[in-house]
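Results of the structural survey
The lines below spell out each chain.
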Amino acid sequence: MKISDVAIDRPVFTTMAALAVLVMGGLAVTRLGVDLFPDVSFPVVAITTVYPGSGPAEVEQQVTKRLEDAVSTINGVEIVRSYSRDSVSVVVVQFKLSADPLEANSDVRDRLQAVRPTLPDGVKEPLVQKFEPSAAPILTYAVRAPRSQIELTRLVDDVLRPAVESIEGVGSVTIRGGAEREIQVEFEQAKLQALGMSVSGVAQMMRAESLDLPGGRLTFGGKEFSIKAAGRFSSPQDVEDVVLTSRPDGTQIRVRDVATVVDGHNEVRTITRVNGQQAVLFDVMKQAGSNTVAVSDAVVVRLNELAAVQGSDTHITLVSQQAKFIKNNISRLRGHLVVGGLLAVLVIFIFMLDVRSTLISAVALPTSVIATFFVIWQLGFSFNIMTMLALTLAIGLLIDDSVVVRENIFRHLEMGQNPIEAARKGTSEIALAVLATTLTICAVFVPVAFMQGMVGLFFKQFGLTLTAAVLMSLLISFTLDPMMSARIAQRIDPHRHEKMRAHWFYGPPTKFFEWMDDEYRTILRFALTWRKSTIAGAIALFVGSIALVPFMGAEFMSPGDQGKFNIQFEAPAGISLAESDALARQAETALRKVPEVTEVITTVGVDRDASKFTTQLITTSKDSRTTTVEEIMDGARAAIADLP
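Residues numbered from 1 in each chain as written. Predicted model: local features only at pLDDT ≥ 70, side-chain atom pairs only at ≥ 80, totals over all residues. Heavy atoms only, no water.

**Things to note about the overall build of the protein**
Broken down by element type, the protein carries 21 helices and 19 strands. Taken over the C-alpha trace, the protein has a radius of gyration of 36 Å; the compact-globule value for 644 residues is 26 Å, which it surpasses by more than 25%. Taking all contacts inside the protein whose residues are at least 6 apart in sequence as the whole, residues at least 24 apart take part in 73%. When the accessible surface of the protein is summed, it comes to about 35300 Å², and 58% of that surface belongs to carbon and sulfur atoms. Within the protein, one finds 61 positive and 69 negative side-chain charges whose respective centroids are separated by 6 Å. (Helix = DSSP H or I, 4+ residues; strand = E, 2+ residues; numbered from the N terminus. Rg over C-alpha atoms; globule rule 2.2 N^0.38 Å. Contact = heavy atoms within 4.5 Å. Areas by Shrake-Rupley, 256 points an atom, 1.4 Å probe, with all protein chains shown as cover. Lys, Arg positive; Asp, Glu negative; His and termini not counted. Charge placed at Lys NZ, Arg CZ, Asp CG, Glu CD.)

In C-alpha cells, the structure reads:
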C-alpha cells in the first residue's frame, strides 16, 4: 500500500507529520468553547407588543388579531400562537424547521412594517425576538441592600448592568423586580373643570414645556459656542412651576395650584424575593456561539470587583450559575474519556502480551483523539455533551484499526520476517478489510449528522465528530502504526510461545487464552452442527428484543440533575398582586423547609400578570447529597399540597 510504504520508508517525515497534527490539535483544545449543548437555532420568532392601559379584549381585537393576519401568510409558517393579556400582546410564529432563522426573522419584520400604521395610537413599537436555546440565562444574581427599591434598581441599572454588558460574549442583562423613579401628577378634577381644561390637554402642555431646544451658534472672541434653550424638567419643583393659564388680573395658574406632584415610583407589577427577602434580580444572557464557561467566569470576576467597592451593606449574591453544571459534566466526560483510553490500552496488553505492541497502540490512540480536536475546531463545534459523547464512544472504535493492523504485523513477525518486511506485508494484507470496517462505521454515523427535524440539529455535531474520529484513526493506522512497527518492533523468537507458557507473569494469561480457544471451538462446533436451533434462537432473541420496545419510556432528552428546578403557580384570574404575593409567601415558607433546598427565588407577577408567580429552588450539589432531584421535587410537591 503506497501510503504505508511512504510512512515506513520516511520515518522522519511521518514523525514530523504526527507531531504537526498533535500541535494543531493542542492549539484547537485551547480555543474550543465549552457549552452544555450544541449551539442550534430554531426558526421561531416572538412578537411582543405593549398597548398601555388596554384590557385583554382590546389587545386581542386591535393588536393581536391584526398581527396574526399579517404573519400567518408568510411562506413557511407552520403554527401561529398568540397570548393577549392586560396591556401586552405576544404572537409566536413557528416556521418549518427547514426554514432559515435569519430569513424568517427578516420576513416577520417586513410584515410588521406594513401593518404598523393600522395599529391604534398609543401602541408601542413591536419587539421582534428570535428564539435562541442559548439565550437562556447563564447567571442569575440577587442584589440586596438596606435602601429603597428605587435606589436598588438604579444601582443595578446604572452601575452593574453596563459593567456586565461590556464583557465580551455577554448578550444582554434582564432585570426582574425593583421599581423605577416616576414623577406623578395627581390632578383635582374640580379645579381642572373650573379652568375649562382636561387632563390630556394639560399633559400635552407639560410635554411641550419639557424640551431642550437648539439655539444655534455664537462666535465671540475667536471662539465658537453652541447655544441651547434648556427647558427639560430636572426636579419635581420644575413640574409644579409650569404655568397652565393666566387670569385677567395677571395672576398665573400653575400645576401646583390644581394638582399634587409626587416624587414616587412606577406601578410595581413584579415582586422578587430571595429566601423571603426582597431583592432585585438580574439574569445574564450570553451571545450566540460564545463560550458559556468563559463568559460566566468573566462576569463573576467583574461582579466580585464591583461588590468589593459597594460597601458591606450591599449584597450581590450569585444564586444560579449554569457554568458550574457544565464544568462538572464536561469534567466527568473527560475523565471517562481518559479512563476509557487507559482501559483500552490495558486490554491490548493483556491480549497481545507484548510491551512494544502495547506502546505502539498507546501512541496511536491519543494521536487520533487529538487530531480530532483540530477537526472539531475547524467545523466550528465546541466541547459539549454531544461532541464529548461522540469522543467517548469513539475510544473503542479508534483503537480497532490500529489493533487489527498491529496484530497482522505481529503475525508476520511470528513467521520469522524482519520488522520492515512484516510492517509492509502486514499492512498491505489487512488494508482493504480495515478500510471497509471504517467506512461501514462512517456509513452508519454520517446519516445521523444529517437527520431532519429537531433531533438532527442536536445530533449533527455528534455524527460528524464520530466520523472525523474514525477517519483520523484510519489515517493513523495506515501511517504511524506501520512506521512504528517497522522501527520499534523486534524479531520474534520462534520458541516465544513455549517460553511464555513457562513464564511466571505471562504464563497464566497464555494458558487462559488457550483454554478460551478450546471452549470457543466447542461452541462453534455446536452452532455449526445444530444450525436450525442456532438460527431459531437468534430469531427468538431478535423478536423478543423488539417486543420489549413498547415497555421502554421515551423522551427528547434525559433530565439532568442541575441542582435546581422551577415551580409555576397560577392563582384565580382577577386576583390582585397583593393577594397573589400573600399566596407566594405561604409557598415560600413551606418550600424553605424542604430538605436539601438552599435558596428559594420567588417572582410574583410573571410577565406583569398578577395571577402568576414562580419559585426557583436551588439545591445542594449532586455530589454532596444522597437524594436525587426528583425526590426533592416530590418533597416540594408534598410541602405545597395544602396551599389554597
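**Quick notes on the packing of helix α1 (residues 2–9) against helix α14 (residues 419–449)**
It is at 9 Å that the axes of α1 and α14 come closest, and there the two elements cross at 160°. If you check the angle between α1 and α14, you find them roughly antiparallel. Every pair of crossing elements has a handedness; the one defined by α1 and α14 is right-handed. Every residue of α14 that contacts α1 at Ser 4, Asp 5, Ile 8 and Asp 9 is listed here: Ile 420, Ala 423, Arg 424 and Thr 427. Grouping the constituent residues of the contact of α1 with α14 by class yields 3 nonpolar, 2 polar and 3 charged. (Axes fitted to C-alpha atoms, helices over the stretch in contact; angles between N-to-C directions. Parallel < 35°, antiparallel > 145°, perpendicular 65-115°, else oblique. Left-handed = near helix turned anticlockwise from the far one by under 90°. Nonpolar A, V, L, I, M, F, W, Y, C, P; charged D, E, K, R; others polar.)

**Let's talk about the sheet that holds strand β19 (residues 612–619)**
Spatial ordering of the open sheet is given by β14-β13-β18-β19-β17, a layout of 5 strands whose pairing is antiparallel. Strands at the two margins of the open sheet, each flanked by one partner only, are β14 (277–278) and β17 (564–570). Here 2 bridges tie strand β13 (residues 271–274) to β14, and the two strands are oriented antiparallel to one another. For Val 274, the partnering residue across the bridge sits in β14 and is Gln 277. The sheet strands contacting helix α20 (residues 577–591) are β13, β17, β18 (597–604) and β19, and the helix crosses β18 at an angle near 170°. Here helix α21 (residues 629–639) sits on the sheet and contacts β17, β18 and β19; the angle it forms with β17, its principal contact strand, is near 30°. (Pairing = 2+ DSSP bridges.)

**Some remarks on the packing of helix α5 (residues 149–165) against helix α10 (residues 292–310)**
The interhelical angle for the contact between α5 and α10, taken along N-to-C directions, is 140°, at an axis separation of 9 Å. Judged on the interaxial angle alone, α10 and α5 are oblique. Like other packed secondary-structure pairs, α5 and α10 cross with a definite hand, here right-handed. Between α5, through Leu 155, Val 159, Leu 160, Ala 163 and Val 164, and α10, the contact on the second element is made entirely by Val 299, Arg 302, Leu 303, Leu 306 and Gln 310. Of the residues that constitute the contact of α5 with α10, the class distribution is 8 nonpolar, 1 polar and 1 charged.

**Considering the sheet that holds strand β6 (residues 170–176)**
Taken in spatial order, the 4 strands make up an open sheet running β6-β15-β5-β16, and their pairing is antiparallel. For this open sheet the edge positions go to β6 and β16 (315–321), each flanked by a neighbour on one side alone. Neighbouring strand axes in the sheet, compared pairwise and without regard to direction, differ in orientation by 25° on average. In the sheet, strand β5 (residues 139–144) pairs with strand β15 (residues 280–286) via 5 bridges, with the strands oriented antiparallel. Note on β15: the bridge partner recorded for Ala 142 is Leu 281. Strands in contact with α5 are β5, β6, β15 and β16; relative to β6, the strand with the most contacts, it is inclined by about 175°. Of the strands in this sheet, β5, β6, β15 and β16 touch α10, which is tilted by about 10° from β5.

**Details of the packing of aromatic side chains**
In total, this model carries 12 aromatic pairs according to the counting rule given. Pairing Tyr 141 with Phe 282 gives two aromatic rings, centres 5.5 Å apart and planes at 10°, and the pair type is stacked. Taken together, the residues Tyr 141 in strand β5 and Phe 282 in strand β15 connect sequence positions 141 residues apart. For the ring pair Phe 373 and Phe 383, a centre distance of 5.5 Å and an interplane angle of 85° mean the geometry is edge-to-face. Placement of Phe 373 in helix α12 (residues 355–378) and of Phe 383 in the loop between α12 and α13 (385–414) is noted, with a sequence separation of 10 residues between them. Phe 383 shares its class with Phe 373; the two are buried. Clustering of aromatic rings is evident, with ring pairs tying together Phe 349, Trp 504, Phe 505 and Tyr 506. (Phe/Tyr/Trp six-rings, centres within 6.5 Å; stacked < 30°, edge-to-face > 60°. Buried < 20%, exposed > 50% of the residue type's maximum accessible area, 1.4 Å probe, protein only.)

**Considering the nonpolar core**
Considering soluble globular proteins, one finds that nonpolar side chains tend to be buried as a cluster. Among the nonpolar cores identified, the biggest contains 60 residues, and Phe 373 and Met 388 are the most heavily contacted of them. Every element with two or more residues in this core is listed here: β3 (88–95), α11 (322–352), α12, α13, α14 and α15 (453–478). Once residues within four sequence positions are removed from consideration, Met 388 is found in contact with Ile 330, Leu 333, Arg 334, Leu 337 and Phe 383. Counting residues in each nonpolar core, the second largest holds 23 residues, with Tyr 141, Leu 155, Leu 160 and Ile 167 among its members. (Core = buried A, V, L, I, M, F, W, Y, C linked by side-chain atoms within 4.5 Å.)

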